[in-house]
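Each chain, written out:
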Amino acid sequence: MKRIASLLPIALAAALQAGSALAFSDKPVKLIVPAPPGGTIDVFARIISDQLAQEIKQPVIVENRPGAGGAIAVKYMLAQPADGSTLLVTVTNILTEVPHVLKVGFDPMKDVKPVAQMARSVMLFVASPQFPARDAREAIAYVKANPGKISFASYSQGTASQYAGAILNRKAQLDMEHVAFPGSAPALAQVMGNQIPLMFDGSVTSKPLIPSGKIKLLGVAYKSRLPDYPNVPTMAELGYPEIDFSNWAGVFASASTPRPLMEKMYTVLARVNALPAVRERYAGTGFEMIQEKRTQEQLAADLRAEFERNAEIVKTFGIKLN
């Protein structure tokens, strides 16, 4: 017993030393979320914060700063010291979509850098339960047969939810009217109630409604089929490869953050993301797990490609905030 007791301080010291080696700074870490408490990205951030605190042996606090299309949260992070103690947890659309239609007060391609990619939300083509089509092909045929009568919802003007509908209108020669809402929840409420029959929505908000029949899944607006719906074709398979949209959720930092610190945070967050308990909790949020590992340089290149592609779509379709 005496020997065991004498070893305890040594074990504790070793554990603390390991945690100290992984810590980003000597201060608590704040994860800034550009959304109110209780939303999907807030829940996602709290999953990360719980495990990250254990990994780095430091308090990790989630702080909500919603508003202005995410700009309030981003600018707050940029105003803090670039020492790893203030990070942003978000989905990429606030960097690659919103700045094209809203003055955000920062350069998303120069001022912010991705630390780690954690999970993905892909776009789904969904319909109200009463809509008389079983899949995307039948939906397109129905819209063509009923010109001027069908509308589609989006979760905001100037987002991929609108882009996808605009592209489908042009490529399939449809005339669906676009109706924008301030978020997925109010838009989906209209779809569920059959006031607006169609919508392109993210998997995070739509997937929980599909099993109960509250909405109908018509197609996958992503480059590949989803494991949960192996029999549902992609829009590319139906002849619309341009309708391929997704956003990934992850952790971001100020571009002024020193490279060695960026690499250290990447390593720790990769460990967090690989934990089975974390992946299991992600599944409950509706996010798709990302199997492929991407370096920080690759993630930055991915962001820029997404940003530039969206800029071209906004220009081509004359998309802007009303």
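Right, let's walk through the structure included here. Source: prediction; values computed, not measured. (Residues numbered from 1 in each chain as written. Predicted model: local features only at pLDDT ≥ 70, side-chain atom pairs only at ≥ 80, totals over all residues. Heavy atoms only, no water.)

1. A few points about the pairing of strand β3 (residues 86-91)
Okay, so step 1: In terms of residue burial, β3 counts as a mostly covered element, since 6 of its 6 residues are buried.
Okay, so step 2: Here β3 shows two buried faces, one formed by Thr86, Leu88 and Thr90 and the other by Leu87, Val89 and Val91.
Okay, so step 3: Pairing between strand β1 (residues 29-33) and β3: 3 bridges, direction parallel. Paired with Ile32 across the two strands is Leu88, which belongs to β3.
Okay, so step 4: In the sheet, β3 pairs with strand β9 (residues 246-254) via 4 bridges, with the strands oriented antiparallel. When the bridges of β9 are listed, Leu88 appears paired with Phe252. (Buried < 20%, exposed > 50% of the residue type's maximum accessible area, 1.4 Å probe, protein only. Helix = DSSP H or I, 4+ residues; strand = E, 2+ residues; numbered from the N terminus. Pairing = 2+ DSSP bridges.)

2. Side note on the packing of aromatic side chains
Okay, so step 1: Evaluation of the coordinates by the stated rule reveals 6 aromatic pairs.
Okay, so step 2: Ring centres of Phe125 and Phe200 lie 4.4 Å apart, and the angle between their planes is 5 degrees; this geometry places the pair in the stacked category. Here the residue Phe125 occupies a position in strand β4 (residues 112-127), and Phe200 occupies one in strand β7 (residues 198-202), the gap between them amounting to 75 residues.
Okay, so step 3: Given the relative accessible area of 2%, Phe125 is considered buried.
Okay, so step 4: Using a relative accessible area of 0% as the deciding quantity, one classes Phe200 as buried.
Okay, so step 5: Ring geometry for Phe131 versus Tyr142: centroids 5.2 Å apart, planes at 80 degrees, classification edge-to-face. Here Tyr142 lies in helix α5 (residues 136-145) and Phe131 lies in the loop between β4 and α5, a separation of 11 residues in the sequence.
Okay, so step 6: Here Phe131 falls in the buried class, since its relative accessible area comes to 4%.
Okay, so step 7: Counting every residue linked through ring pairs, the aromatic cluster contains Phe44, Tyr282 and Phe287.
Okay, so step 8: For Arg65, the ring lying beneath its charged end belongs to Tyr76, and the centroid distance is 3.6 Å.
Okay, so step 9: Over the aromatic face of Phe245 sits the side chain of Arg309, whose NZ or CZ is 4.2 Å from the ring centroid. (Phe/Tyr/Trp six-rings, centres within 6.5 Å; stacked < 30°, edge-to-face > 60°. Lys NZ or Arg CZ within 6 Å of the ring centre and 35° of its normal.)

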